[in-house]
Amino acid sequence: MPLAYVLNPLDRRANDRPNAAWVAAQRKRADAKLIRIAGDGALLSGGRLVTDNDAGVEAAVFLGLDAVGAPWFAADVAGSEGMRGLRSLAMEETLPPEQLGMLAQARSLLQWHARRTYCSNCAAKLEMADAGYRRHCPGCGMDHFPRTDPVAIMVVRHEGNILLGRQSSWKPGMYSALAGFVEPGETIEDAARREVFEESGVRVGAVRYVTSQPWPFLSNLMIGLIGEALSAEITIDTNELEDARWFSAGEARMMMERRHPGGLYAANPMAIAHELVRVALEE
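Residues numbered from 1 in each chain as written. Predicted model: local features only at pLDDT ≥ 70, side-chain atom pairs only at ≥ 80, totals over all residues. Heavy atoms only, no water.

Comments concerning the packing of helix H5 (residues 249–256) against helix H6 (residues 272–282)
So, point 1. Contact pair H5 / H6: the axes reach a minimum separation of 11 Å and the direction vectors enclose 145 degrees. Between H5 and H6 lies a crossing whose hand is left-handed. Every residue of H6 that contacts H5 at Ala249, Ala252, Arg253 and Met256 is listed here: His274, Val277, Arg278 and Leu281.
So, point 2. Across the contact of H5 with H6, the residue classes tally to 5 nonpolar, 1 polar and 2 charged. (Axes fitted to C-alpha atoms, helices over the stretch in contact; angles between N-to-C directions. Helix = DSSP H or I, 4+ residues; strand = E, 2+ residues; numbered from the N terminus. Left-handed = near helix turned anticlockwise from the far one by under 90°. Contact = heavy atoms within 4.5 Å. Nonpolar A, V, L, I, M, F, W, Y, C, P; charged D, E, K, R; others polar.)

Quick notes on helix H1 (residues 20–27)
So, point 1. Considered for burial, the residues of H1 that qualify are Trp22, Val23, Gln26 and Arg27. Along the long axis of H1, the arc covered by the buried residues comes to 140 degrees, so they all point the same way. Every exposed residue of H1 that faces more than 90 degrees away from the buried side is listed here: Ala20 and Ala21.
So, point 2. Contacts made by the buried residues of H1 are with strand E1 (33–38), strand E4 (61–65) and strand E5 (71–76).
So, point 3. For H1, the side-chain oxygen to backbone nitrogen distance between the N-cap and Ala21 is 3.1 Å, and the N-cap itself is Asn19. (Buried < 20%, exposed > 50% of the residue type's maximum accessible area, 1.4 Å probe, protein only. Arc of directions from axis to C-beta. Polar contact = N/O pair within 3.5 Å; in protein donor to acceptor, adjacent residues only side chain to side chain.)

Remarks on the state of the cysteines
So, point 1. With the rule as written, the count across this model stands at 0 disulfides.
So, point 2. There is no disulfide at Cys119, and the cysteine sulfur nearest it, in Cys137, is 3.7 Å away.
So, point 3. Classification of Cys119 by relative accessible area gives buried; the value is 5%. (Disulfide = S-S within 2.5 Å.)

Focus on the nonpolar core
Inside soluble globular proteins, nonpolar side chains tend to come together where they are buried.
So, point 1. Core analysis: the biggest nonpolar cluster contains 52 residues, and Tyr5, Ile35 and Leu103 have the highest contact counts within it.
So, point 2. Beyond its immediate chain neighbours, meaning those up to four positions away, Leu103 contacts Ile35, Ile37, Ala42, Leu49, Leu86, Leu89 and Leu95.
So, point 3. Formed by 18 residues, the second largest nonpolar core is a distinct cluster that contains Leu163, Val196, Val207 and Trp246. (Core = buried A, V, L, I, M, F, W, Y, C linked by side-chain atoms within 4.5 Å.)

Focus: the pairing of strand E11 (residues 161–166)
In regular strands, side chains alternate between the two faces of the sheet.
So, point 1. Burial of E11 is extensive: 5 of the 6 residues sit out of reach of the surface.
So, point 2. Two strands pair when backbone bridges link them, and strand E10 (residues 149–158) and E11 are joined in this way by 3 bridges, in the antiparallel orientation. The residue of E11 that forms the bridge with His158 is Asn161.
So, point 3. Linkage of E10 to E11, two consecutive antiparallel strands, is achieved through a turn of 2 residues, within which Glu159 is found at a positive phi near 50 degrees. (Pairing = 2+ DSSP bridges.)

Section: the packing of aromatic side chains
So, point 1. Under the defined criterion, the tally for this structure stands at 6 aromatic pairs.
So, point 2. Centre to centre, the rings of Tyr5 and Trp215 are 5.8 Å apart; their planes meet at 70 degrees, and the pair counts as edge-to-face. Of this pair, Tyr5 sits in the segment before H1 while Trp215 sits in strand E14 (residues 204–215); the two residues are 210 residues apart in sequence, bridging distant segments of the chain.
So, point 3. Classification of Tyr5 as buried rests on a relative accessible area of 2%.
So, point 4. Both rings, one in Tyr175 and one in Phe247, keep their centres 5.2 Å apart while their planes meet at 75 degrees; by these two values the pair is edge-to-face. Placement of the pair is Tyr175 in strand E12 (residues 174–175) and Phe247 in strand E16 (residues 243–248), with a sequence separation of 72 residues. Phe247 shares its class with Tyr175; the two are buried.
So, point 5. Lying over the aromatic face of Phe73, Arg27 brings its terminal NZ or CZ to 5.8 Å of the ring centre.
So, point 6. One residue, Arg203, lies across the ring of Phe197, its end atom 3.6 Å from the ring centre. (Phe/Tyr/Trp six-rings, centres within 6.5 Å; stacked < 30°, edge-to-face > 60°. Lys NZ or Arg CZ within 6 Å of the ring centre and 35° of its normal.)

Points about the pattern of salt bridges
So, point 1. The final tally for this structure, using the stated rule, is 22 salt bridges.
So, point 2. The partner of Arg194 in a salt bridge is Glu183, and the shortest N-O contact between them spans 3.6 Å. In this pair, Arg194 is assigned in helix H4 (residues 188–200) and Glu183 in the loop between strand E13 (178–181) and H4, connecting sequence segments 11 residues apart.
So, point 3. Assessed through its relative accessible area of 43%, Glu183 is described here as partly exposed.
So, point 4. Arg194 is paired through a salt bridge with Glu195; the nearest N and O atoms lie 3.0 Å apart. (Salt bridge = Lys/Arg side-chain N within 4 Å of Asp/Glu carboxyl O.)

Some points on the layout of surface pockets
So, point 1. Of the voids in this model, the largest pocket is the one considered here, and its volume is about 930 Å³.
So, point 2. Every residue lining the largest pocket is counted, 32 residues in all, and those nearest its centre are Trp170, Met174, Ser176, Trp215 and Ala271.
So, point 3. The set of elements that each furnish at least two residues to the lining of the largest pocket consists of helix H2 (86–92), E10, E13, E14, strand E15 (220–229), strand E17 (265–266) and H6.
So, point 4. Top element by residues in the lining of the largest pocket is E13. It accounts for 4 residues.
So, point 5. If you add up the space inside the second largest pocket, you get close to 340 Å³.
So, point 6. Arg12, Ala104, Gln105, Ser108 and Thr148 are, among the 20 residues lining the second largest pocket, the residues nearest its centre.
So, point 7. Top contributing element to the lining of the second largest pocket by residue count: helix H3 (residues 97–114), with 6 residues. (1 Å grid on protein atoms, 1.4 Å probe; cavity = no way out; pocket = protein on both sides within 12 Å on 5 of 7 lines; lining within 4 Å. Points joined across faces, edges and corners; volume = space filled by probe spheres on them.)

Structure (structure tokens):
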């Protein structure tokens with residue numbers, strides 16, 4: 001199973017988005033597509049993504065042009081029946097990976113709009129601009145842009161073992177990579193080292209980048225890393241983790257394959273944590 005939400009073939013046409021006339025013309029095209037989003041779900045019918053362009057749906061954001069030049073849009077249609085959660089769609093591989101990437105883009109962008117109704121500078125009501133990639137304040141002139149929060153997520157290795165932890169809110173038996181938000185003025189590598197130390201007490205030295213994954217819950221960018229531990233002693237921050245431990249390579253492989261005798265298992269293959277464990281073990 002490929003990582004979810006990472007494939008998105010759309011040409012976002014950033015240079016054309018400020019042209020309101022161009023965007024309006026794209027919406028009126030006969031081949032225009034409209035994705036319907038509600039919360040963490042997308043509208044499907046018969047196992048297929050509903051993409052017919054309903055001109056009556058307002059406040060649509062522009063996603064981009066596909067390989068044949070057809071424009072794609074998305075809109076919040078809360079209350080619609082037939083919605084399927086983006087997580088279950090990814091786990092079940094219901095839709096093509098490329099459409100999952102479009103859904104991640106649509107969900108993240110629409111969620112930002114829902115949370116940015118008023119200007120944080122003067123409290124005036126914001127207006128949508130640039131086809132959905134900017135909100136403008138008519139009161140003070142301030143512009144607001146969609147945000148993506150970077151998250152450093154890391155599998156740590158030490159003498160053939162890997163460090164994994166679990167939160168109490170997770171399903172019983174699930175262990176995953178340690179992760180946390182990158183703070184202002186902090187490098188990705190230092191954020192990963194800090195988070196691992198804060199949560200587990202393990203000091204990390206060398207860190208290298210592996211891959212990244214858009215995560216539309218809530219509009220995060222998961223930045224996947226592998227780190228080499230300088231120490232093995234674990235001191236758990238119980239406010240963050242229920243447990244953290246070192247797993248041997250053999251035990252971790254059984255967790256990946258869902259055949260661990262203790263019922264333990266690693267993150268689902270759709271998630272970047274699964275990929276990080278796989279890469280750490282292969283190396």
